[in-house]
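Summary of structural features
Here are the chains, one letter per residue:
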Amino acid sequence: MSIWDVFLIGIGLSMDAVCVSLANGIAAKKLNARDLLLPSAFFGLFQGIMPIIGYFAGSLFVSFFSKYSYILVFCIFLILGVKMILDSLKDDENYEQSAKFTVKVIFIQAVATSIDALAVGVSLSAMNTEIFSSALIIAITTFVLSIIAVLTGKKIGKVFYKIAGYLGGGILILMAVKVLIEGVLK
């Protein structure tokens, strides 16, 4: 498998993280370096670690876990989306109050957006692809795209600040529904 193939896989795997980063950027009323880099680093790290785990864990563990993972991911995205909308209702009068993305929330988002990378790790193992360089490419791709998404979301949030939290929460809820539908149809 070529470096370009792995790069394309990295783009595909990062799309959930990009959507969540976009939603985070929309909801972030004030954006500092921590709010930009920490989530992007977590998303990149988990997108890089999960294929390694899948690569070495093999298909037995991953097939069991991935069979029902969509339910967990659906619940996480739904809860985070609803929370973001409810927080926007409270903060509607005070735009300057910054959204709070704690390490716990970012960790949960990172895990939820990277579960599908476990199965990719199994596939990379089956194709005898060098896992560590592949995981690094996937991690860097996700990190960079997440930064771009947060900054893009922040620009959208500045323009549409009154509906930014609703939009960000709506994106997460739509992702939850998408994950649920895909999981049920598997």
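If you're wondering where the values come from, they're calculated on a predicted model, not measured in any experiment.

**Focus: the overall build of the protein**
- The number of helices and strands found in the protein is six helices and zero strands.
- The helix and strand sequence of the protein, counted from the amino end, reads α-α-α-α-α-α.
- Residues counted as buried form 45% of the 186 residues belonging to the protein.
- Partitioning the contacts of the protein with sequence separation of at least 6, the portion at a separation of at least 24 is 95%.

**Side note on the environment of G10**
- Residue placement: G10 occurs in helix α1 (residues 3–27).
- Among the residues examined, G10 registers a relative accessible area of 0% and is labelled buried.
- Once residues lying within four places of it in the same chain are set aside, the contact partners of G10 are I138, T141 and T142.

**Here we look at empty space enclosed by the protein**
- Taken as a whole and assessed by the stated rule, the structure comprises two cavities of 30 Å³ or more.
- Roughly 50 Å³ of volume is contained in the second largest cavity.
- Lining of the second largest cavity is provided by N24, G25, A28, L31, D35, P39, F101 and V150.
- Of all elements in the fold, only α1 and α2 (33–91) reach the threshold of two or more residues within the lining of the second largest cavity.
- Its residues assigned to classes, the lining of the second largest cavity comprises five nonpolar, two polar and one charged.

**Let's talk about the pattern of salt bridges**
- Tallied over the full model, the rule gives two salt bridges.
- The partner of D35 in a salt bridge is R34, and the shortest N-O contact between them spans 3.2 Å.
- Owing to a relative accessible area of 37%, R34 belongs among the partly exposed residues under this scheme.
- Salt-bridge contacts for E182 lead to K178; the nearest nitrogen and oxygen are separated by 3.4 Å. Of this pair, E182 and K178 are both found in helix α6 (residues 164–185), four residues apart, which corresponds to roughly one turn of the helix.
- Classification of E182 by relative accessible area gives partly exposed; the value is 42%.
- Judged by its relative accessible area of 40%, K178 is partly exposed.

**Examining the side chain of T141**
- On the secondary structure map, T141 appears in helix α5 (residues 131–159).
- Residue classification places T141 among the buried residues on the basis of a relative accessible area of 8%.
- Not counting chain neighbours up to four residues away, the residues in contact with T141 comprise F7, G10 and I11.

**Re α1**
- Between its first and last C-alpha atoms α1 spans 35 Å; for 25 residues at 1.5 Å apiece the expected length is 36 Å, and the two agree.
- In α1, a bend of some 45° at M15 exceeds every other bend along the element.

**Quick notes on the nonpolar core**
- Membership of the largest hydrophobic core comes to 37 residues, with the highest contact counts inside it found for V20, F77, F101 and L172.
- Secondary-structure elements contributing two or more residues to this core are α1, α2, α3 (103–114), α4 (116–126), α5 and α6.
- Per-element accounting of this core gives the leading share, twelve residues, to α2.
- Beyond its immediate sequence surroundings of up to four residues, L172 is in contact with V20, A23, F77, L80, G81 and M84.

**Here we look at the environment of F74**
- Positionally, F74 belongs in helix α2.
- Residue F74 is classed as buried on the basis of its relative accessible area of 18%.
- Separated by 107 residues in the primary sequence, F74 and I181 place their C-alpha atoms 9.4 Å from one another.
- Beyond its immediate sequence surroundings of up to four residues, F74 is in contact with A176, V177, V179 and L180.

Scoring rules and cut-offs
Residues numbered from 1 in each chain as written. Predicted model: local features only at pLDDT ≥ 70, side-chain atom pairs only at ≥ 80, totals over all residues. Heavy atoms only, no water. Helix = DSSP H or I, 4+ residues; strand = E, 2+ residues; numbered from the N terminus. Buried < 20%, exposed > 50% of the residue type's maximum accessible area, 1.4 Å probe, protein only. Contact = heavy atoms within 4.5 Å. 1 Å grid on protein atoms, 1.4 Å probe; cavity = no way out; pocket = protein on both sides within 12 Å on 5 of 7 lines; lining within 4 Å. Points joined across faces, edges and corners; volume = space filled by probe spheres on them. Nonpolar A, V, L, I, M, F, W, Y, C, P; charged D, E, K, R; others polar. Salt bridge = Lys/Arg side-chain N within 4 Å of Asp/Glu carboxyl O. Expected span 1.5 Å × (residues − 1). Bend = angle between axes of the 7 residues up to and from the residue. Core = buried A, V, L, I, M, F, W, Y, C linked by side-chain atoms within 4.5 Å.

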